[in-house]
Structure formats: structure tokens, C-alpha cells
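Breakdown of the fold
So the chains spell out like this:
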Amino acid sequence: MTDWTLIYQADNLIQAHCIKGLLEQAGIDVNLQGEALQGAIGELPAVGMSVDIRVEQAKLKQAKQLIQTFENTPQSQWLCQDCHEMNESTFEICWHCGHDPLSEIG
Ligand SMILES: [Zn+2]
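About the thresholds
- Residues numbered from 1 in each chain as written.
- Predicted model: local features only at pLDDT ≥ 70, side-chain atom pairs only at ≥ 80, totals over all residues.
- Heavy atoms only, no water.
- Helix = DSSP H or I, 4+ residues; strand = E, 2+ residues; numbered from the N terminus.
- Buried < 20%, exposed > 50% of the residue type's maximum accessible area, 1.4 Å probe, protein only.
- Contact = heavy atoms within 4.5 Å.
- Areas by Shrake-Rupley, 256 points an atom, 1.4 Å probe, with all protein chains shown as cover.
- Donors = N, O, S within 2.8 Å, 3.2 Å for Na, K, Ca; no water.
- Tetrahedral: all angles 85-135°; square planar, octahedral: opposite > 155°, others 65-115°.
- Core = buried A, V, L, I, M, F, W, Y, C linked by side-chain atoms within 4.5 Å.
- Salt bridge = Lys/Arg side-chain N within 4 Å of Asp/Glu carboxyl O.

Regarding the overall build of the protein
Of regular secondary structure, the protein possesses two helices and five strands. Mapped from its N terminus to its C terminus, the protein presents α and β elements in the order β-α-β-β-α-β-β. Expressed as a percentage of its 106 residues, the buried residues of the protein come to 32%. Of the contacts made within the protein by residues no fewer than 6 positions apart, 55% connect residues no fewer than 24 positions apart. Approximately 6700 Å² of the protein is accessible, and the part contributed by carbon and sulfur atoms is 49%.

What follows is the structure in C-alpha cells.
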């Protein structure tokens with residue numbers, strides 16, 4: 001049985017997924033609590049609900065360092081031209097309306 005330990009409480013689903021991706025890249029299994037209640041991104045509001053991020057007890061120290069690095073790195077967000085929502089730099093299309101900013105180029 002995996003011993004999940006709460007490492008971080010994200011402000012919203014987007015932030016939770018950023019951190020989840022970051023940790024998984026480092027080979028750390030991540031468990032998100034609260035995500036199941038919200039459905040897929042784009043269908044339901046992804047903001048305004050905190051998400052608990054849990055990792056294996058054995059990976060806690062490594063995960064904490066990664067999150068610290070993440071928090072100290074300035075995020076370059078982009079503004080959706082369609083619905084004027086802010087998007088994380090890792091998002092290729094708007095989380096809110098699905099708008100693709102690259103489609104405007106050319
Ligand atoms: Zn949008």
C-alpha cells in the first residue's frame with residue numbers, strides 16, 4: 001500500500017497539474033485529491049477549488065525541492081484574446097474556452 005503524504009495544496013486545478021507534471025517528469029508518482037469532483041478541464045470551472053497534491057512518503061524530500069524550484073521560477077503566463085483569462089505557460093490552448101493562440105499567427 002502506498003503511503004501518500006500531502007505535500008502541497010494548489011489554488012486550482014491548473015496549478016495542480018503543473019506541479020503534477022513537474023513531479024512526474026522526475027519520476028515521482030502524484031496523487032491529486034479533489035480533481036475527480038471537477039471533471040475535465042474545459043467542462044467545469046478549473047479555478048476556485050483547491051487541490052491536494054500527495055506524493056509517496058519516500059519521495060517527499062525530493063518532491064519538496066522540486067516544488068520549491070517551481071515556486072521560485074517566474075511563470076510566464078499568457079492572456080487569452082478570446083475570453084481574457086490568464087493561462088499558464090505550459091498550456092498550448094486556453095483552459096477556459098479552448099482558444100488556440102497560435103491560430104492567430106499568420
Ligand atoms: Zn480563452
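A look at the coordination of the zinc ion
Note on the zinc ion: its protein donors are Cys-80 (SG), Cys-83 (SG), Cys-94 (SG) and Cys-97 (SG). The metal-donor distances range over 2.3 Å. Considering all four donor atoms around the zinc ion, the spread of angles at the metal, 106 to 114°, places the coordination shape in the tetrahedral class. Residue classification places Cys-97 among the partly exposed positions, given a relative accessible area of 38%.

Focus on the nonpolar core
Formed by 18 residues in total, the largest nonpolar core has its most connected members in Ile-7, Tyr-8, Ile-19, Leu-23, Ile-53 and Val-55. Where this core is concerned, the elements lending two or more residues are strand E1 (4–10), helix H1 (13–25), strand E2 (30–33), strand E3 (51–56) and helix H2 (60–72). With five residues, the top contributor of residues to this core is H1. Every residue in contact with Ile-19, bar those within four places of it in the chain, is listed here: Tyr-8, Ile-53, Ile-67 and Phe-70.

What about the pattern of salt bridges?
Counted by the stated rule, this structure contains two salt bridges. Ionic pairing is found between Glu-24 and Lys-20, a salt bridge with its closest N-O pair at 3.3 Å. Of this pair, Glu-24 and Lys-20 both sit in helix H1, four residues apart, which is roughly one turn of that helix. Note on Glu-24: relative accessible area 40%, which makes it partly exposed. For Asp-52, the salt bridge is made with Arg-54, and the minimal N-O distance between the two is 3.5 Å. Looking at Arg-54, the relative accessible area reads 22%, which means it is partly exposed.

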